[in-house]
Amino acid sequence: MTAYKRDLMTVDLLCLLLELDEGVLEVHEDMRGYPAFEQAMFEALGLDPEWKLGVLFPAFEAKPTLIYQRTSI
């Protein structure tokens, strides 16, 4: 899972790119249900929510950041 921002000229849009066995899924903070999705995803994976600070700042810079990598089964 990679987190990054899209520059929308006046604001940034926080996005998550999930690389799944079935393909790629992108979700973003403007999608309905995103806050609950984000909370559930990060609780299930045991990730620290501080990842956002590294991605969100500085503004208008994409800052792609790998925040989770599945281990081999």
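Going by the structure above, here's the rest.
Fair warning: this is a prediction, and the values are worked out from it, not measured in the lab.

*Asks:* Give a detailed account of the overall build of the protein, specifying residues and quantitative values.
*Replies:* Broken down by element type, the protein carries two helices and four strands. In the protein, the order of α-helices and β-strands from amino to carboxyl end is β-β-β-α-α-β. Radius of gyration (C-alpha) of the protein: 12 Å, near the 11 Å computed for a compact globule of 73 residues. For the protein, the spread of C-alpha atoms along the three principal axes comes to 40 × 20 × 20 Å.

*Asks:* Outline the environment of Tyr4, listing residues and values.
*Replies:* For Tyr4, the location among the structural elements is in strand β1 (residues 2-7). Classification of Tyr4 as buried rests on a relative accessible area of 14%. Among residues more than four places away in sequence, those in contact with Tyr4 are Leu13, Leu14, Cys15, Leu16, Leu17, Glu26, Val55, Ala62, Lys63 and Pro64.

*Asks:* Which residues make up the pattern of salt bridges, and what values go with them?
*Replies:* Close approach of charged atoms lets side chains of opposite charge pair. Inspection of every chain in the model, using the stated rule, returns four salt bridges. Here Arg6 and Glu26 are joined by a salt bridge, their closest N and O atoms 2.6 Å apart. Of this pair, Arg6 sits in strand β1 while Glu26 sits in strand β3 (residues 23-28), and the two are 20 residues apart along the sequence. Residue Arg6 is classed as partly exposed on the basis of its relative accessible area, which comes to 39%.

*Asks:* How would you summarise helix α1 (residues 34-45) if you had to cite specific residues and measurements?
*Replies:* Its twelve residues give α1 an end-to-end C-alpha distance of 16 Å, which sits within 8% of 16 Å, the value for a rise of 1.5 Å per residue. Along α1, the positions that sit buried rather than exposed are Tyr34, Glu38, Met41 and Phe42. Taken down its axis, α1 places every buried residue within 90 degrees of arc, on the same side. The exposed set on the far side of α1, more than 90 degrees from its buried face, consists of Ala36, Glu43 and Ala44. Check the buried side of α1 and you find it contacts β2 (12-20), β3 and α2 (51-56). The first or second residue beyond α1 is Gly46, which carries a positive phi of 70 degrees.

What counts and how
- Residues numbered from 1 in each chain as written.
- Predicted model: local features only at pLDDT ≥ 70, side-chain atom pairs only at ≥ 80, totals over all residues.
- Heavy atoms only, no water.
- Helix = DSSP H or I, 4+ residues; strand = E, 2+ residues; numbered from the N terminus.
- Rg over C-alpha atoms; globule rule 2.2 N^0.38 Å.
- Buried < 20%, exposed > 50% of the residue type's maximum accessible area, 1.4 Å probe, protein only.
- Contact = heavy atoms within 4.5 Å.
- Salt bridge = Lys/Arg side-chain N within 4 Å of Asp/Glu carboxyl O.
- Expected span 1.5 Å × (residues − 1).
- Arc of directions from axis to C-beta.

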